[in-house]
Amino acid sequence: DLRLLDKYEGATCLDGTAGAYYIEYAKTSTKKYQLFFEGGGWCYNDKDCANRATGDLGSSKNYPSQIDMAGGVASANCNINPAFCDFNKVYMKYCDGNSFSGALDSTVHIEETDQDLYFRGHYILEAVLTDLIANEGMDQVSELSLTGCSAGGLSTFLHSDYVHDFISSKVSQDFKYGATPISGFFLMDRQNVHDEFVMSAQMKTIFELSNATIGVHQGCIENTDSENHYKCNTAPEALKYIEQPIFVLDSSMDSWQSGCIMTNKAIDYDNTATRDMPNGLCSAAEGFEDCGGNVENCDDEQIYSVVEYQGSFVRLLTNTAGYKKENSGAFIYPCFTHCAGQDDNSFAGFTVDGVTMSAAVNNWWQGNGIDGAVTKSYLSQIYNLDSSNPNPTC
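The paragraphs below set out a description of the structure included in this document. Treat the numbers as computed from the prediction; the structure is a model and nothing was measured.

**Some details on empty space enclosed by the protein**
Phase 1 of the analysis: Counted according to the given criterion, the structure contains 1 cavity of 30 Å³ or more.
Phase 2 of the analysis: If you go around the largest cavity, the residues you meet are Gln34, Phe36, Met69, Ala70, Ala74, Lys89, Val90 and Tyr91.
Phase 3 of the analysis: Per-element accounting of the lining of the largest cavity gives the leading share, 3 residues, to strand 4 (residues 88-92).

Structure follows, in structure tokens:
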């Protein structure tokens with residue numbers, strides 16, 4: 001059922017309509033909750049965000065009263081998702097353009113279209129948590145799972161500690177807690193195949209436009225010089241400082257990253273013909289138009305770029321402090337997909353070291369918080385140089 005946050009000042013979508021979430025209660029009475037961040041890319045400058053404000057990723061005016069909730073790690077089927085199937089499910093709608101991070105108290109006026117834009121994602125998140133505690137029984141929470149996919153996966157990295165700390169400050173009891181970001185570990189500060197820093201420039205713009213300094217991980221902000229605060233809007237930087245348990249679900253050859261980071265191209269947002277491309281010009285790097293969208297189309301030289309990107313992904317993830325800490329780990333598969341962790345078939349079918357993604361998550365959750373419990377990480381091989389995938393379960 002839809003819950004509009006119209007009673008909370010500042011909790012607004014890009015177009016000024018109220019932020020929102022959906023809640024689906026478990027079939028049996030429970031004090032366990034799972035919060036899911038919706039994904040949907042980002043907008044990268046004022047004109048791009050103005051276009052985004054006219055649809056569901058920037059406005060709540062057309063939200064239906066009910067939706068189908070996510071699958072995979074958010075499934076209510078206990079055969080697929082034994083860890084979280086019996087949790088109350090909360091689906092947080094994404095309508096702020098920057099992964100629930102913006103905190104701009106003023107508006108941005110777009111003269112060309114006579115629009116006022118509101119970058120208030122941080123306030124939407126705060127309102128969701130406040131409303132759940134006040135009106136949906138989460139003041140009695142005993143177990144809490146935080147997850148989300150794509151831009152919602154990035155949200156999970158950015159806000160995992162904030163969500164825990166906010167709720168801890170509002171309830172009297174201890175509760176079990178952990179985060180499972182899906183396809184959110186984007187290498188945003190990495191150049192494309194032509195050594196151009198396209199994605200990092202885009203993220204720097206939206207970070208500054210949305211005034212996201214207080215909306216990203218504060219440990220990162222406090223330990224980063226102001227010139228580079230925008231990097232705290234990325235998962236690799238946030239993971240350095242995350243204190244709460246986290247279990248990363250991702251592909252080392254994510255199909256979105258392949259096209260929209262590894263082989264992307266800068267977009268001209270003054271050109272109205274390209275303004276409705278929310279992820280920029282993906283798979284448009286010269287010479288990589290076919291390879292970026294499907295690695296099986298990469299030639300013998302291009303596959304080296306693919307394997308190198310995969311290697312960079314795995315090295316960056318596994319060498320980050322947050323990954324190495326107690327009660328944290330990852331399930332990293334080489335399948336050319338995006339958001340497999342919210343798909344029932346992939347969640348129950350993808351296997352690494354003989355263990356499915358579903359079983360790996362369940363193993364982690366059952367041991368989470370137990371003194372002496374060892375969290376195992378699952379890391380699959382990377383692509384072969386003949387473009388073949390070494391994992392037959394993909």
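**Overview of the packing of helix 7 (residues 255-262) against helix 9 (residues 302-318)**
Phase 1 of the analysis: Direction vectors running N to C along helix 7 and helix 9 enclose 110°, while the axes themselves pass 12 Å from each other. Here helix 9 runs roughly perpendicular to helix 7, going by the angle between their axes. From helix 7, Gln257, Ile261 and Met262 reach across to helix 9, where they touch Ser305, Val306, Tyr309 and Phe313.
Phase 2 of the analysis: A per-class count over the contact of helix 7 with helix 9 returns 5 nonpolar, 2 polar and no charged.

**Some words on the environment of Val141**
Phase 1 of the analysis: Note on placement: Val141 falls in the loop between helix 2 (121-135) and strand 7 (143-149).
Phase 2 of the analysis: Under the relative-accessibility criterion, Val141 is labelled buried at 1%.
Phase 3 of the analysis: Along the chain, Val141 and Tyr33 lie 108 residues apart, while their C-alpha atoms are 7.0 Å from each other.

**Topic: the pattern of salt bridges**
Phase 1 of the analysis: Summed over all chains, the structure comprises 8 salt bridges.
Phase 2 of the analysis: Put simply, Arg3 and Glu136 hold a salt bridge, and the shortest N to O gap is 2.7 Å. Here Glu136 lies in the loop between helix 2 and strand 7 and Arg3 lies in strand 1 (residues 2-4), a separation of 133 residues in the sequence.
Phase 3 of the analysis: Overall, the relative accessible area of 8% leaves Glu136 in the buried class.
Phase 4 of the analysis: As a salt-bridge pair, Lys93 and Glu38 come within 3.0 Å of each other at their nearest N and O atoms. Taken together, the residues Lys93 in the loop between strand 4 and strand 5 (108-110) and Glu38 in the loop between strand 3 (32-37) and helix 1 (46-52) connect sequence positions 55 residues apart.
Phase 5 of the analysis: The exposure class assigned to Lys93 is buried, which follows from its relative accessible area of 10%.
Phase 6 of the analysis: Overall, Glu38 belongs to the buried group, its relative accessible area being 12%.

Thresholds applied
- Residues numbered from 1 in each chain as written.
- Predicted model: local features only at pLDDT ≥ 70, side-chain atom pairs only at ≥ 80, totals over all residues.
- Heavy atoms only, no water.
- 1 Å grid on protein atoms, 1.4 Å probe; cavity = no way out; pocket = protein on both sides within 12 Å on 5 of 7 lines; lining within 4 Å.
- Points joined across faces, edges and corners; volume = space filled by probe spheres on them.
- Helix = DSSP H or I, 4+ residues; strand = E, 2+ residues; numbered from the N terminus.
- Axes fitted to C-alpha atoms, helices over the stretch in contact; angles between N-to-C directions.
- Parallel < 35°, antiparallel > 145°, perpendicular 65-115°, else oblique.
- Contact = heavy atoms within 4.5 Å.
- Nonpolar A, V, L, I, M, F, W, Y, C, P; charged D, E, K, R; others polar.
- Buried < 20%, exposed > 50% of the residue type's maximum accessible area, 1.4 Å probe, protein only.
- Salt bridge = Lys/Arg side-chain N within 4 Å of Asp/Glu carboxyl O.

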